[in-house]
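Coordinate analysis (summary)
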Amino acid sequence: MSTDAAAPSLPLTMRGISISGYGPLDDAISMKQDWPVPRPGAGELLLRVHAVALAPGDARMQSGDARLMQKPKNFPYIPGGDCCGIVVAVGPKQSAKHDSFAVGDRVYATFVEPNPLGCLAEYCVVKQAL
């Protein structure tokens, strides 16, 4: 696994669950080895994921039942909207109120909107504030 010169301790790629389309999980789910490790933008944190929770909404989204309530998915995507982990990188600050997290902090995070790189992976990016 190669690493990023700007962040030598972070790999360039990660493992993550891949959803390739709507339908039965047996047909649509797989483990993908080469997702790019996301980099945090302004007001975001990069987490090394330690645990995830799957909710009924995750299954409804993947099956296609929630298409009328949420934005259509671009496939493939990484599912999962709730996780806990350790902050491994902090993006640029947006304002003084977004400076309360540091590398090494243990956090719980939830996605408020669909994210193409969810938390069923080794790393995920989350907002610092809701």
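Source: prediction; values computed, not measured. (Residues numbered from 1 in each chain as written. Predicted model: local features only at pLDDT ≥ 70, side-chain atom pairs only at ≥ 80, totals over all residues. Heavy atoms only, no water.)

**Topic: the packing of aromatic side chains**
Stated formally: Note on ring pairs: Phe, Tyr and Trp rings are taken, using the six-membered ring of Trp, and paired if centres are within 6.5 Å. Classes follow the plane angle, with under 30 degrees stacked, over 60 edge-to-face and the rest tilted. Burial classification: accessible surface area is computed with a 1.4 Å probe over protein chains only, and a residue below 20% of its type maximum counts as buried, one above 50% as exposed, and the rest as partly exposed. Here, over-ring charges are defined by two tests on the NZ atom of lysine or the CZ atom of arginine: distance to the ring centre within 6 Å, and angle to the ring normal within 35 degrees.
By the definition in use, this model includes one aromatic pair. Relative to Tyr77, the ring of Phe75 has its centre 5.8 Å away and its plane inclined at 45 degrees; by these criteria the two rings are tilted. Exposure remark for Phe75: the relative accessible area of 31% places this residue in the partly exposed category. Look at Tyr77 and you get buried, because its relative accessible area is 2%. Above the face of the Trp35 ring, Lys32 is positioned so that its terminal group lies 4.1 Å from the ring centre. Cation over ring: Arg48 sits above Tyr123, and NZ or CZ is 5.2 Å from the ring centre.

**Re the nonpolar core**
Using the following cut-off: Here, nonpolar core means buried Ala, Val, Leu, Ile, Met, Phe, Trp, Tyr and Cys residues that are tied together by side-chain atoms lying within 4.5 Å of each other. For helices the rule is a DSSP run of H or I covering at least 4 residues; for strands it is a run of E covering at least 2, with both sets numbered from the N terminus onward. The contact criterion used throughout is that any non-hydrogen atoms of two residues lie within 4.5 Å.
One finds Leu10, Met14, Trp35, Val37, Leu46, Ile78 and Tyr123 to be the most contacted residues of the largest nonpolar core, which totals 13 residues. Where this core is concerned, the elements lending two or more residues are β3 (13-19) and β8 (123-127). Ignoring sequence-local partners within four residues, the contact set of Met14 consists of Lys32, Gln33, Asp34, Trp35, Pro36, Val37, Pro38, Ile78, Ala121, Glu122 and Tyr123. Formed by eleven residues, the second largest nonpolar core is a distinct cluster that contains Cys83, Val87, Val107 and Cys124.

**Considerations on the environment of Glu122**
Heads up, the rule is: Identification of polar contacts relies on pairs of N or O atoms within 3.5 Å, with a donor-acceptor requirement for protein atoms, meaning one able to donate a hydrogen and the other able to accept it, and with residues adjacent in sequence counted only if both atoms are side-chain atoms.
The residue Glu122 is located in the loop between β7 (106-110) and β8 in this model. Separated by 106 residues in the primary sequence, Glu122 and Gly16 have C-alpha atoms spaced 6.4 Å apart. Within the structure, Glu122 has its side chain in polar contact with the backbone nitrogen of Arg15 (distance 2.7 Å).

**Describing the pattern of salt bridges**
Inclusion rule: Whenever a carboxyl oxygen of Asp or Glu lies within 4 Å of a side-chain nitrogen of Lys or Arg, that contact is scored as a salt bridge.
Within the structure shown, the criterion is met by two salt bridges. Arg15 serves as the salt-bridge partner of Glu122, at 3.1 Å between the closest nitrogen and oxygen. Taken together, the residues Glu122 in the loop between β7 and β8 and Arg15 in strand β3 connect sequence positions 107 residues apart. The class of Arg15 is partly exposed, set by a relative accessible area of 42%. Glu44 is the partner of Lys127 in a salt bridge, and the nearest nitrogen-oxygen pair spans 3.4 Å. One end of the pair, Lys127, is in strand β8; the other, Glu44, is in strand β5 (residues 44-53), and 83 residues separate them in sequence.

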